[in-house]
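Below are the chains, spelled out letter by letter.
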Amino acid sequence: MQIQNNGYLSIEQLTEKYLSSPQKADTHETRDGLSFQEILESRSLQGGDGTLKFSRHALGRLNDRNIELSAGQLERLEDGAKKAERKGIRDSLVIVDQLAFIVNVPNQTVVTAMDSTETNENIFTNINGAVII
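Right, let's walk through the structure included here. What you see as residue numbers is a count from 1 along each chain, following the sequence as written. Totals for whole chains, interfaces and linings use all residues, but because this is a predicted model, local features are given only for residues with pLDDT of at least 70 and pairs of side-chain atoms are given and counted only at 80 or more. Only hydrogens and water are removed before side-chain values are computed, so all heavy atoms of the structure are retained for them.

### Quick word on the environment of D97
Runs of H or I in DSSP of at least four residues are treated as helices and runs of E of at least two as strands, each being numbered from the N terminus. Among the structural elements, D97 can be located in the loop between β2 (91-96) and β3 (99-104). C-alpha of D97 to C-alpha of S116: the two residues are 19 residues apart in sequence and 9.2 Å apart in space. The criterion used for residue contact is that any of the two residues' heavy atoms lie within 4.5 Å. Leaving out residues up to four positions away in the same chain, D97 has contacts with Q73, R76 and I133. Here Q73 takes part through its side chain, which lies 2.8 Å from a polar atom of the side chain of D97. What qualifies as a polar contact is a pair of N or O atoms within 3.5 Å, subject to a donor-acceptor requirement within protein and to the restriction that residues adjacent in sequence count only when both atoms come from side chains.

In structure tokens, the structure reads:
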């Protein structure tokens, strides 16, 4: 590797600095010591045991909109999905505090998420039921 001494970084130096070592995103830890991103990633891989999964789209929306769920909110979201299942709802709007989630109930998958700033029109499509927690 050729190191330049003119005040500018070479392509090799930039590559080593930004691409060689994995950068860890800024994360906030929960009371359990896990970051919110770690919880979501583990949840997105789970399923089949009654817990909700988060689709790639939903994870992206949560990240883009800086939405972080507390453990209590996540538990209430899962409870809302279970209530929707008991009522035979297939695609449900589940509202937890100021957050709205579209959940595909048979697959136990959160399809998308939004906060109160995105729900100004209060119009939700492609659902056949709603649960307000």
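And the narrative resumes.
### Some remarks on the pairing of strand β5 (residues 129-132)
Exposure categories follow from relative accessible area, calculated using a 1.4 Å probe and restricted to protein chains: below 20% of the type maximum is buried, above 50% is exposed, and the middle band is partly exposed. Covered by surrounding structure in β5 are G129 and V131 only, the residues A130 and I132 on the alternate face being uncovered. Any two strands with at least two DSSP bridges between them are considered paired. In this sheet, β5 lies alongside β2 in parallel orientation, the contact comprising 4 bridges. Each residue of the ladder has a partner; that of I95, found in β5, is I132.

### Notes on the sheet that holds β3
One open sheet holds the 5 strands; their spatial order is β1-β4-β3-β2-β5, and the pairing between them is mixed. Since the sheet does not close on itself, it has two edges, and those belong to β1 (53-54) and β5, each with one partner. Pairing of β2 with β3, which is carried by 6 bridges, proceeds in the antiparallel orientation. Bridging from a neighbouring strand, V94 pairs with F101 of β3. Here helix α3 (residues 56-64) sits on the sheet in contact with β1, β3 and β4 (109-115), set at roughly 20° to β4. Here, axes are lines fitted to C-alpha atoms. For helices the fit covers the stretch in contact, and angles between N-to-C directions go from 0 to 180 degrees.

That's the geometry; what it means functionally is another story.
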